Amino acid sequence: MESDKIERLLEKYFEATTTASEEATLRAYFSQDTVAEHLEQYAPMFQYFSKEKAERFTKEVLKPKTGTSRKIWYSWVSAAAVILLLVGVYFNTSSASNTLEDEYTQAEIAAAQEALSLLSINFSKGAGQIVHLEEFEKNTNRFLDNGQKSP
């Protein structure tokens, strides 16, 4: 009779519908020395749960001091700022000796200026079209807002 009750409790347990007292009944049953033979496969699981439930963490949890993390962060930021400053000084002094005329011919410089001029003209045309797009978006949103309010 007890075996049937335990089987029903096991079904409820695996469906996750048991109460805490029913789970305690299962743990108590499987911690005994006499367990039904066809239910012995579940005994190690419930014995493990009982043993692990009794286990406690005994080591001290160390919490960092509130000012410590901020000091570490400031030290890293200041070190990064110094590195960036040194890199900037290095590249500024090394590139000061070279001019465009030293690296490129007059024809290459003129071609680059022409390309940048064309880019500037086309960019200005595109920027002028943004006004039309903003007006279109405003009218579309107004139309959609009116369509949502009417139904």
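In case you missed it, the structure is sitting above this.
None of these values were measured; they are calculated from a predicted model.

What counts as what
- By convention here, each chain's residues receive numbers from 1 onward along its written sequence.
- In keeping with the predicted nature of the model, local features appear solely for residues at pLDDT of at least 70, side-chain atom pairs appear and are counted solely at 80 or more, and the whole-chain, interface and lining totals rest on all residues.
- Hydrogens are left out, water is left out, and the side-chain values use all remaining heavy atoms of the structure.
- Structural elements are reduced to axes, namely lines fitted to C-alpha atoms, with helices fitted over the stretch in contact, and the angle between N-to-C directions of any two is expressed from 0 to 180 degrees.
- By the criteria applied, helices consist of DSSP H or I runs no shorter than four residues and strands consist of E runs no shorter than two, each listed in order from the N terminus.
- Angle categories: roughly parallel below 35 degrees, roughly antiparallel above 145, roughly perpendicular from 65 to 115, and oblique for all the rest.
- Here, two residues are considered to be in contact whenever any of their heavy atoms come within 4.5 Å of each other.
- Charged residues are taken to be Asp, Glu, Lys and Arg, nonpolar residues to be Ala, Val, Leu, Ile, Met, Phe, Trp, Tyr, Cys and Pro, and polar residues to be all remaining types, Gly included.
- Only protein chains enter the area calculation, which uses a 1.4 Å probe; residues under 20% of their type maximum are buried, those over 50% are exposed, and those in between are partly exposed.
- Between N or O atoms, a polar contact is any pair within 3.5 Å; within protein, one atom must be a potential hydrogen donor and the other a potential acceptor, and residues adjacent in sequence are included only when both atoms are from side chains.

## A closer look at the packing of helix α2 (residues 20-30) against helix α3 (residues 43-54)
The contact between α2 and α3 brings their axes to 9 Å, and the two run at 110 degrees. What the angle tells us is that α2 and α3 run roughly perpendicular. The residues of α3 that touch α2, namely those facing Leu26, Arg27 and Phe30, are Ala43, Phe46, Gln47, Ser50 and Lys53. Its residues placed into classes, the contact of α2 with α3 shows 4 nonpolar, 2 polar and 2 charged.

## Topic: the side chain of Glu22
Here Glu22 shows up in helix α2. Relative accessible area serves as the criterion here: at 19%, Glu22 is assigned to the buried category. Within polar-contact distance, the side chain of Glu22 engages the side chain of Lys12 at 2.8 Å. Discounting chain neighbours no more than four positions away, the residues touching Glu22 are Leu9, Lys12 and Thr17.

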